[in-house]
Amino acid sequence: PVEKFRKDYKPSPYLISTVHLDFQLNEESTLVQSKLRIVPNHAESSPVSLFLNGHADVVLESIRVNGADLEASHYAADAQGLTIKSGLPSGEWDLEIATRIKPQENTSLEGLYRSGGMFCSQCEAEGFRHITYFLDRPDVMAKYTSRIEADKAKYPVLLSNGNLVDQGDLEGGRHFTVWEDPFVKPCYLFALVAGDLAVQEDTFRTMSGKDVALRIYTDAHNTSKVAFAMQSLKRAMKWDEETFGLEYDLDLFNIVAVDDFNMGAMENKSLNLFNSRLVLATPDTATDADFGRIEGVVGHEYFHNWTGNRVTCRDWFQLTLKEGLTVYRDQEFSADLNSRGVKRVEDVARLRAAQFPEDAGPLAHAIRPDSVIKMDNFYTATVYEKGAEVVRLYEALLGRAGFRAGLDLYFARHDGGAVTCDDFRAAMADASGADLGGLEGWYARAGTPRVEVGVEHDAGAGTLTVTATQAPPVLTAREGGVTTAGQAMLRQAVLRLEHQRQTWVFERVPARPVPSVLRGFSAPVRLTFKAHALALPDLAELVPEVPGADPLLLHHVREAAARALAAALRPELERAARDNSDPPGAPYEFEAGACARRALKNAALGALARLGGEGVTQDLLARFRAATNMTDEAAALAALDRIGGKVRQEALDAFYAKWKHEPLVLLKWIAMQAASNLPGNTAAVRTLMQHEAVKLSNPNTCYSLFLAFARSPVNFHAADGSGYEFMADSVLQIDQINHQVAARMVGVFNSWRNYDAERGALMTAALRRMASANGISANVYEIVTKALP
Ligand code: HT7
Ligand code: ZN
């Protein structure tokens, strides 16, 4: 595998102005014909050859230059791509390439593939090269026309980007559509869908009075589950107009639900593809958390239309330019629609649980990485969530109006372009006149800075001196609220921590106040402060705080503490469960107050389950059977799972019998069993792999099964190493099917340095075994070799 470096970026010697694609979809194979208008990039000296990226899956059928067949001596094709070595015309010219691919054999889910009975595509980051030879890099932006031809009975719906400009029937029961996208785009935003899909429609009138047709496509039996996603889309469109003045730019916006999908969703221009679990929801099949995720991700993909599509990344090292900014936007969207405080707590909890450990581990990287082997491995919590925190820093420094002015300038300068994080910072700085040079460090350095704050009050002088030190020094905007205990906020200020040590003196502070720093978690730093919280931290948060931890011992200590807390608080927990239960027949509402009540009630029930006893068990069973929404049903099941024994198995069986025709609900059933801390559960998980509900070619299933298993301290970290063995076997098995999924799975070994010597040795042995296995993918290779000492 080859490592690529950010510093080696060079503009492409050729650009492509227009792309005409023609897809002949068939059951055995697909013929892809492309006609590219090649334009020399005059910024560069005249090149002698043209290299187009490709892949071993792509079979070259023919190649023509300006309408004439190209002689075989002029070109060479291999698994990496196609090189036209000679015979290149000068000036602009047409290149026609015909390739044959086999989507039905494509289990990697990149490029064109089959999911259920449909054809669909995934081109970010480098999937387009699995379809045809192309300049597969985001700074090559072209206008696309796509013609799709297929059997009409099997694939009545044929979709691509942009506007439908032609369609018709053909001989032999076939039909075609032609799509034209008026906006330039990189090939990673290309999309194609063909299938027998049902559609739900709505419209949105934009702020300039244009009607946009909104369509969500699913399998026919799922049409009743898209109402919430549609409502979220309309809210996102309105929010972006009101908050940032950003209007949708085409007459049509399509979403398609896909069952087999490597990530959450994809922002292809006007044709968003979504993992089904992020579109389909009804109160009885989806939890409050699922509804929240759907709202956020529908918003996220829609917001990419401006931050990602209209202005894209110059190269993949700049990924946080679009992802950090778009995560910040979706976080603000959800905060405005729901409870801002709860949303912020959830986002910070996620950052601390997922990003802080990543930044402290062997795969730590800056939000703008310096080198990569497989780009797919860099869709990380650092690039996304820490990237969003860095965008939040701009807002903290510039204020809302300054931030908006910066974004306006960014779009005015770069609409239709492929740019860098430096271009973003320059627009933000130029619009406000602020010096934002100090933010450069956040793009360049990995790791979580530590900030220490000291406060001294001089009663005689009436001054308060705040001193902050940070290591390493980075610019950190921290809102410092200075309050007096028991009173409302006295003063608020943004403190810019730009040096290793800084001091601020507040005058006219007669009494010793209670300082409140890092308000709203205004920078992604670790604050050396003693926080007292009611909720016990997760094991993942505890482990890095206890060097050389025995994970099993930590787990038992945590469980004992949780039981002791539950015993001490029993009357309060019972009251919380009782007072926050809905009366029978109450309708489900996804609303901040209702979600908070359900969360409190279910947390109380979970805590009571630790105490066991007939009364608690019967109450949980009754709640499990009577539940009318999935939030309560899944919470009751989880509590019964904790109680264990016969009642656990009966509840799991009843849940399966009830939901066996709903694969998305069964993901919860799979995850609950895989994560069980019952001793010896690894054997049960091996058996579960044979269950008819478990399809290992489906990424959601793999994540529910294997990533959930790795959350079990008892079984993944079993002292005999059997959990590590099982996980390593599974990574190698899944790598044969899907490299991206296998690479995500192998990440569970990254934390081996946090554990005791015996566990560390067993985990590194498993890593070595995977590293030396025959034929591992570049994706898994990159993670495994970086994790090893
Ligand atoms: N921009 C999208 C990234 C994505 C992706 C990346 C690699 C492999 C598969 C993928 N599916 C989607 C998702 C987003 O951030 O909006
Ligand atoms: Zn995104």
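Analysis parameters
- Residues numbered from 1 in each chain as written.
- Chains lettered and ligands numbered in written order.
- Predicted model: local features only at pLDDT ≥ 70, side-chain atom pairs only at ≥ 80, totals over all residues.
- UniProt positions renumbered as here; feature names shortened; annotations may be inferred.
- Helix = DSSP H or I, 4+ residues; strand = E, 2+ residues; numbered from the N terminus.
- Rg over C-alpha atoms; globule rule 2.2 N^0.38 Å.
- Near = placed C-beta within 6 Å.
- Nonpolar A, V, L, I, M, F, W, Y, C, P; charged D, E, K, R; others polar.
- Domains from an automatic or database assignment.
- Pairing = 2+ DSSP bridges.
- Buried ≥ 20, exposed ≤ 12 C-beta atoms within 10 Å, placed from the backbone.
- Contact = placed C-beta atoms within 7 Å.
- Axes fitted to C-alpha atoms, helices over the stretch in contact; angles between N-to-C directions.
- Expected span 1.5 Å × (residues − 1).

- Under the annotation held in an unreviewed UniProt entry, the chain carries the name Aminopeptidase N and is attributed to Auxenochlorella protothecoides.
- Of the comments in the UniProt record for the chain, the one headed Sequence similarities (unreviewed entry) reads "Belongs to the peptidase M1 family."
- UniProt lists a comment for the chain under the heading Cofactor (unreviewed entry), and it reads "Zn(2+)".

**Focus: the overall build of the chain**
Link 1 in the chain: Looking only at helices and strands, one finds 22 helices and 31 strands in the chain.
Link 2 in the chain: Relative to a compact globule of 789 residues, whose C-alpha radius of gyration would be 28 Å, the chain shows 28 Å and is just as compact.
Link 3 in the chain: Oriented by its inertia axes, the alpha-carbon framework of the chain measures out at about 85 × 70 × 60 Å.

**Details of the site of ligand 1**
Link 1 in the chain: Near ligand 1 lie 15 residues; those nearest to it are Glu124, Asn262, Met263, Met266 and Asp376.
Link 2 in the chain: Residues that form the shell around ligand 1 fall into these classes: five nonpolar, five polar and five charged.
Link 3 in the chain: The residue makeup of the shell around ligand 1 includes at least three contributed by each of domain 1 (4–196) and domain 2 (312–444).

**Overview of the pairing of strand β25 (residues 450–458)**
Link 1 in the chain: Relative to strand β26 (residues 463–471), β25 runs antiparallel, the two being bridged by nine bridges. Note on β26: the bridge partner recorded for Gly454 is Thr467.
Link 2 in the chain: Connecting β25 to the next strand, β26, in antiparallel fashion are four residues, including Gly462 with a positive phi near 65°.

**Looking at helix α17 (residues 699–709)**
Link 1 in the chain: Across the 11 residues of α17, nine count as buried, placing the element largely inside the fold.
Link 2 in the chain: Buried residues in α17 make contact with β21 (271–275), α15 (663–674), α16 (681–688), α18 (713–716), α19 (722–735) and α20 (739–746).

**Some details on the UniProt feature "domain: Peptidase M1 membrane alanine aminopeptidase" (unreviewed entry) in the chain**
Link 1 in the chain: Taking the numbering used here, the UniProt-annotated feature "domain: Peptidase M1 membrane alanine aminopeptidase" (unreviewed entry) corresponds to residues 228–437.
Link 2 in the chain: With 57% helix and 10% strand, residues 228–437 has end C-alpha atoms that lie 42 Å from one another.

**Observations concerning the sheet that holds strand β16 (residues 192–195)**
Two orientations exist for strands paired in a sheet by backbone hydrogen bonds: parallel and antiparallel.
Link 1 in the chain: If you walk across this open sheet you meet the four strands as β10-β11-β16-β13, and the pairing is antiparallel. Each end of this open sheet is capped by a strand with a single partner; those strands are β10 (111–115) and β13 (157–160). Each strand of the sheet is rotated relative to its neighbour by a mean of 20°, with strand direction disregarded.
Link 2 in the chain: As judged from the five bridges shared by β10 and strand β11 (residues 118–122), these two strands associate in the antiparallel manner. Note that in β11 the partner of Tyr113 across the bridge is Cys120.

**Points about the domain arrangement of the chain**
Link 1 in the chain: You can read the domains of the chain as domain 1 (4–196), domain 2 (312–444), domain 3 (450–524), domain 4 (525–648) and domain 5 (660–789).
Link 2 in the chain: In this complex, domain 3 contributes nine residues to the contact, which on the side of domain 4 involves four residues.

**Brief notes about the environment of Arg642**
Link 1 in the chain: Among the secondary structure elements, Arg642 is positioned in helix α13 (residues 630–643).
Link 2 in the chain: Using a count of 19 C-beta atoms within 10 Å as the deciding quantity, one classes Arg642 as partly exposed.
Link 3 in the chain: Counting along the chain gives 30 residues from Arg642 to Gly612, while the straight-line C-alpha distance between them is 8.9 Å.
Link 4 in the chain: If we ignore the near neighbours within four places in the chain, the residues touching Arg642 are Ala609 and Arg610.

**Notes on the sheet that holds strand β3 (residues 30–40)**
Link 1 in the chain: Spatially, the eight strands line up as an open sheet ordered β6-β5-β9-β3-β2-β12-β15-β14, and their pairing is mixed. Only two strands of the sheet have a single partner each, and these edge strands are β6 (68–69) and β14 (163–169).
Link 2 in the chain: Summarising the sheet, strand β2 (residues 14–25) and β3 pair through 10 bridges and their orientation is antiparallel. Residue Gln24 lies in a different strand from β3, and its bridge partner there is Leu31.

**As for α15**
Link 1 in the chain: An ideal rise of 1.5 Å per residue puts 16 Å on 12 residues; α15 measures up with 16 Å between its terminal C-alpha atoms.
Link 2 in the chain: Most of α15 is tucked away, with 10 of its 12 residues classed as buried.
Link 3 in the chain: Those residues of α15 lying buried are Leu664, Val665, Leu666, Lys668, Trp669, Ile670, Ala671, Met672, Gln673 and Ala674.
Link 4 in the chain: Elements in contact with the buried residues of α15: α13, α14 (645–659), α16 and α17.

**Overview of the environment of Asp78**
Link 1 in the chain: Positionally, Asp78 belongs in the loop between β7 (75–77) and β8 (81–84).
Link 2 in the chain: The sequence separation of Asp78 and Gly54 amounts to 24 residues, and the corresponding C-alpha distance is 7.8 Å.

**Examining the pairing of strand β9 (residues 93–101)**
Link 1 in the chain: Judged from the nine bridges that link them, β3 and β9 form a sheet pairing that is antiparallel. In the strand pairing of β9, Thr30 is matched with Ile101.
Link 2 in the chain: Looking at chain direction, strand β5 (residues 59–65) and β9 are connected through six bridges and run antiparallel. By the bridge assignment, Ser62 is partnered in β9 with Ala98.

**A few points about unusual backbone geometry**
Link 1 in the chain: Put simply, Glu124 and Ala125 share a cis peptide bond, and its omega is 0°.
Link 2 in the chain: Tracing the chain through its elements places Ala125 in the loop between β11 and β12 (142–151).
Link 3 in the chain: One non-glycine residue with positive phi stands out, namely Asn66, at about 45°.
Link 4 in the chain: For Leu109, which is not a glycine, the phi torsion comes out positive at approximately 60°.
Link 5 in the chain: In this fold, Leu109 is placed in the loop between β9 and β10.
Link 6 in the chain: Assessed through the 25 C-beta atoms surrounding it within 10 Å, Leu109 is described here as buried.

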